[in-house]
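Spelled out from the first residue to the last, the chains are:
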Amino acid sequence: MQSKMKESHPILEVKNLFASTDNLPILKGVSLTVYPGEIHAIMGRNGCGKSTLSKIIAGHPSYKITNGDIKFLGENINSLEPEERSQSGIFLGFQYPIEIPGVSNLEFLRVSTNARRKFLNKEELDTFDFEELVKEKLEIVKMDQAFLSRSVNQGFSGGEKKRNEILQMALLEPKIAILDETDSGLDIDALRIVASGIKRISNAQTGIILITHYQRLLDEIKPNYVHVMSDGQIIKTGESDLALELEKKGYEWTDNFIKRPK
Amino acid sequence: MEIIEKIKTNKSIDNQTEIQKICLDKLQSSPLPNLRSEQWRLSNKSKLANFLDYSVNENNSKFDIPYPKNSQSTIRLIIGENCQIKLIKKYYSIQQLSKDELQKYIKEQISFFNQNENWSDLLNLSLSCKNNILGLKINGSKIPPIEIFSHGSSNSLNAKTLIVFLEKNCNVELLQVNLSEDNSSLSQSTFFCLEENSSLNHGVVSYGVNKSNLLNSLNVIQQKNSEYNLGSLHFKFNYARFEIRIKQSEGNAKTNIKGMQITKKNEQISTYTKIDFDGPNGFLDQINKSLADDKSHAIFEGSIIVPKIAQKTDASQLSRNLLLSNLAQIDTKPQLEIIADDVKCKHGATISQLNEEELFYMRTRGITLTEASKLQLSSYFQEIISFIPVAKDRWDLLDKLLNEN
Amino acid sequence: MVNKNLVKDVVKEPYKYGFVTDIETEKIEKGLNEDIIRLISQKKEEPKFLLDFRLKAFKKWQKMKEPDWAALGYKKIDYQDIIYYSAPKQKEKIASLDEVDPKLLETFDKLGIPLTEQKKLTNVAVDAVFDSVSIATTFREELAEHGVIFCSISEAVKNHADLIEKYLGTVVPASDNYFAALNSAVFSDGSFVYIPKGVTCPMDLSSYFRINSGDSGQFERTLIIAEESSSVSYLEGCTAPMFDTNTLHAAVVELIALDDSSIKYSTVQNWYAGDEEGIGGIFNFVTKRGKCLGKRSKISWSQVETGSAITWKYPSCLLLGEESVGEFYSVALTNNLQQADTGTKMIHIGPKTKSTIVSKGISAGNSKNSYRGLVKMGTKATGSRNYSQCDSMLIGDQASANTFPYIKSQQPNSEIEHEASTCRISEEQLFYLQSRGIEFEEAVSMMVSGFCRDVFNQLPMEFAAEADKLLALKLEGSVG
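Per chain, residue numbering runs from 1 following the sequence as it is written. All chains are assigned letters beginning at A, and all ligands numbers beginning at 1, according to the order in which they are written. Per-residue local features are limited, in this predicted model, to residues with pLDDT of at least 70; the limit for side-chain atom pairs, both in listing and counting, is 80 or more; totals at the level of whole chains, interfaces and linings are taken over all residues.

Enquirer: Please explain the nonpolar core as it appears in this structure.
Expert: The nonpolar side chains of soluble globular proteins are, as a tendency, buried together. Ranked by size, the top nonpolar core spans 219 residues in total, and within it B:L166, B:V306 and C:V193 carry the most contacts. Counting from the N terminus, the helices are DSSP H or I runs at least four residues long and the strands are E runs at least two residues long. Considering each element in turn, this core owes the most residues, seven residues, to strand β7 (residues 156-166) of chain B. Domain borders in the structure are assigned automatically or taken from a domain database. When residues of this core are assigned to domains, at least three map to each of domain 1 (2-249) and domain 2 (356-405) of chain B. By the criterion used throughout, residues are in contact when their C-beta atoms, derived from the backbone, lie within 7 Å. Not counting residues up to four positions away in its chain, the partners in contact with B:V306 are B:F277, B:T313, B:A315, B:E337, B:I338, B:I339, B:A340, B:V343 and B:C345. When buried Ala, Val, Leu, Ile, Met, Phe, Trp, Tyr and Cys residues are joined through C-beta atoms within 7 Å, the set is termed a nonpolar core. Here a residue counts as buried when 20 or more other C-beta atoms sit within 10 Å of its C-beta, as exposed when there are 12 or fewer, and as partly exposed otherwise, the C-beta atoms being derived from the backbone.

Listed below in structure tokens is the structure:
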């Protein structure tokens, strides 16, 4: 299976990406290529730029790309709006899903799903058909229907918020999903539910990037590649055993790999 | 001075009611409100002048209500058109106040007036003739919702007065609608007296067209154990001023207020509220929202007054404001004046634009910026609109607002 | 069971600094006119530009009306019944501290501000002002080594006239308000601070103001200039003897912060507040304002206001420079018939400016304590933010707490957030503390101090302890 991948076209190519916010450089030359069916893990200390990378791929307006490209299915997406990226199949699972008081979760999910369906030239769903679809997907994340009538993420527990993210991923059927610390703040049962959800949604045509601190999510979902980030750069790339080694030796060990300008 | 001359020339002295004479007399000493005072200093002077610019209209003007047709389930009254009402049913009665009752009550109210604070009421009462005053006393239960319309017709200055007594133990839903045509001024003064154990769900929806002006004054007296809920919405006025004065005369009452004003173009809409707790155990929960776009100006000034007698008052006032344009302006001033020590009072104010993180979150789910903004606005509006009685079932206010914003 | 009256008793505390120093003073006659102003200027041997500044201010003042604030009720001030210049008699020129009248040194000693070489405070340079004149400034040589100028404003007028002429009245124009105009016309002394480019002032600077005469007003003027990339922390303390007349104090403080500089200005104000019947006490009408002129400059005001019969004071920031920061941290305690009307103005003019307001008002007795503030976002203040928090604590059912925040925005890409609340010391809280073995008095003072914590944390070390003590003192007393 691994050997086959390289014959297809990459889903996502990040090439020598530099980005900053408020004139403060955050990414300092990141390159990353994801092929269909691949699972990549990005690890690193807090503040290394891994969350920023995910936000930039999703098009957060606070960050400015100062150099480099992001290509999605061969097209440069640097200047696409966040919604255009989402509609075309890029999904970002938030580390801290945003609470939106007053906006009903069901309505939010429906508008969002229809935006993606419209892009895919699929028929948009009315409330009834959509409820049917959601019920089906709710089962994947073991969520109760009561969640639908509440405001988006408002008053959700940490685990419920993360499951709501995975529910959205299931509805949007993205080509690539970037999951930013989806495992943080989850107890072991919730982690299993989330992990099995991710596995059920992904297939040989989709790519996944897992951003995480810990090994435990990677025990559930085995990555093909592990990247270690530090100070806005990927300083080491390996296969899944790199994560295990990292767990054992700690991040100090990776400090040795930092390329220091002479 | 002009305004007084205008009222005087409009009719002979003999034709004036006693109330009109008293108010005119008071206006004589201050023909305009003190524009330097806190209550008026932000008011746009030329817009106020424009308000007074039209000639006084005392005729009954028929008009079409653009919104839902008369329904069996509500009682609909139009001030100035069908002021006669006498409904005596099994469970309730709605009757017109007698001339004497009206006179007595208004005179008593005037004695409490503060010249500057109640300038709008003085103007109203010196203008509104017999036909344009509606006085009701309501009692009983299972009362159908009541809708009361006031109308400002084009090229004129209109004054309508509404006085309602809610007798003991009675509870009512009442929606007041102020509709203004182009180039019109409407002065609406409303007086409510809520007797013991009564409760009123009051809605105020005021909307105009391009060049409509409105001075809307609302005076509520709450006796003990009464509950007053107000949901209000003001939009599309060249100039509108909504003054709310509520007095919990013996404390021990509940007041909930959710108001909203939307300004666009060159409009100015302001809300002034003053809540007096004249007894212990009073409760207030107030939120006022403004949205200002284009070159408009939205103003909120609220004051909560808790004297020594008002121990155990629990009052909260929030001012939430959205500023959507570089040329628009928002002023807000929530004030607390407290002398009692065993009270829970808080207030808060924010001015911001739509929440960017929320917008981004929705956009990463494929929802366009326009749609995401709409979703946010609708949740912003929804909280207020769902609090306006009667309207929420029969009027599609939210759609109307969203389509215009 | 806790008796409500007890809490009230706790806030009674006699004024410790009420003594009068018996010293021969030189006073000019009562009253105010052009000749008096010329006389003050002549006594201080001032250059012409300053006399012109004074006379112009006087003309403006004559045309102005005394402000009429709804929340402040006080007897009309007779401006002709005040002495505008009063100075302890001493030798013409003082070469060193040894020549200062020992009575003066003793006075400051008693106030806890020793000035003599042997006893002076170690980490703080002090400028001591007695009635209208500056008596002594410590650590001058040490500061001079760093290029820091710290002296009385009269001295600065003589030795650094260029700086005075350039900056005086640029932050608070003479016509700003009634009391600022009066001060501009008659100001006697005050402190001057100049921190040169790139210098972090090696120690805290402090002025100590003492009103001694009962019939003279105090009109000090302070000017602080922080050049690029410099920083300074300035402390100000005030006391006055007990007189049964009201003494007028109308000061003006101007701060100027250039690029990347920071000024921290802390005040502990403990002027005589009058007695329980409200007789006597200082009328404290002060205009304090800072201009964040430079990019990334920062001005931080912190104040603990416990004294004065009436306080009328709004230390403010004009945030002009991009990314400049303004802060206001205030504790105001009023008791008996004291009235405090205090707050701040944060005027956001430049982009990405930030301001924080934390105000804690404690009212006891029959006092009135009002917060009055203005936050304004101008049309160019894009990306700016303000956060304000105003809390009031009421002790007893005769005291009043008011909050009047004015909030104005003309910039959609900015955020303003204001929160206010009131509370009291609840019986449950007191009971809880007492049931853990804490004395009643201490429990009250613990809670008041906890209520003020956010502000005390902002005070320099030297002051934080003093402020806590001062509050505890004011709250200490006979328990039931």
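Enquirer: What am I meant to see in the interface of chain C and chain B here?
Expert: In many analyses, interface size is given as the accessible surface area lost on bringing the parts together. Each side of the interface is counted separately: chain C has 28 residues, and chain B has 29 residues. Those elements that provide at least two residues to the side of chain C that touches chain B are β23 (400-409) and β24 (414-424) of chain C. Among the elements that line the side of chain C that touches chain B, the one with the most residues is β23(C), at ten residues. Residues are grouped as follows: Ala, Val, Leu, Ile, Met, Phe, Trp, Tyr, Cys and Pro are nonpolar; Asp, Glu, Lys and Arg are charged; every other residue, Gly included, is polar. When the residues that make up the side of chain C that touches chain B are grouped by side-chain class, the tally is eleven nonpolar, eleven polar and six charged. In this structure, strand β19 (residues 329-338) of chain B lies alongside β23(C), joined through six bridges in antiparallel fashion. Residue B:I330 lies in a different strand from β23(C), and its bridge partner there is C:S409. Only when DSSP finds a minimum of two bridges between them are two strands counted as paired.

Enquirer: Teacher, can you tell me more about the interface of chain A and chain B here?
Expert: Opposite the 21 residues of chain A that make contact, chain B presents 16 residues. Looking at the side of chain A that touches chain B, the elements with two or more residues in it are α3 (82-88), β7 (100-104), α4 (105-119) and α7 (158-172) of chain A. Counted by class, the side of chain A that touches chain B contains twelve nonpolar, six polar and three charged residues.

Enquirer: What is the right way to look at the sheet that holds strand β2 (residues 24-34) of chain A in this model?
Expert: The strands making up a sheet are joined through hydrogen bonds of the backbone, oriented either antiparallel or parallel. Residue and element names in this part refer to chain A. Read across the open sheet, the four strands follow the order β2-β1-β4-β5; overall the sheet is antiparallel. Here the strands that pair on one side only, and so sit at the sheet edges, are β2 and β5 (75-76). The sheet contact formed by strand β1 (residues 12-21) and strand β4 (residues 64-72) spans seven bridges and is antiparallel. Residue pairing in the sheet places F18 in a bridge with N67 of β4. Helix-sheet contacts for helix α2 (residues 50-58) involve β1, β2 and β4, and the interaxial angle to β2 is about 75°. Only the contacting stretch of a helix is used when fitting its axis, a line to C-alpha atoms as for every element, and angles between N-to-C directions run 0 to 180 degrees.

Enquirer: In this structure, what is going on with the sheet that holds strand β3 (residues 39-44) of chain A? I would like to understand it.
Expert: Residue and element names in this part refer to chain A. Spatial ordering of the open sheet is given by β6-β9-β10-β3-β11-β12, a layout of six strands whose pairing is mixed. Lying at the two open borders of the sheet, with one neighbouring strand each, are β6 (90-93) and β12 (233-238). Direction aside, the axes of adjacent strands within the sheet are offset by 20° on average. Here β3 pairs with strand β10 (residues 207-211) via four bridges, running parallel. Bridge pairing in β10 places A41 opposite L210.

On their own, these measurements won't tell you what the molecule is for.
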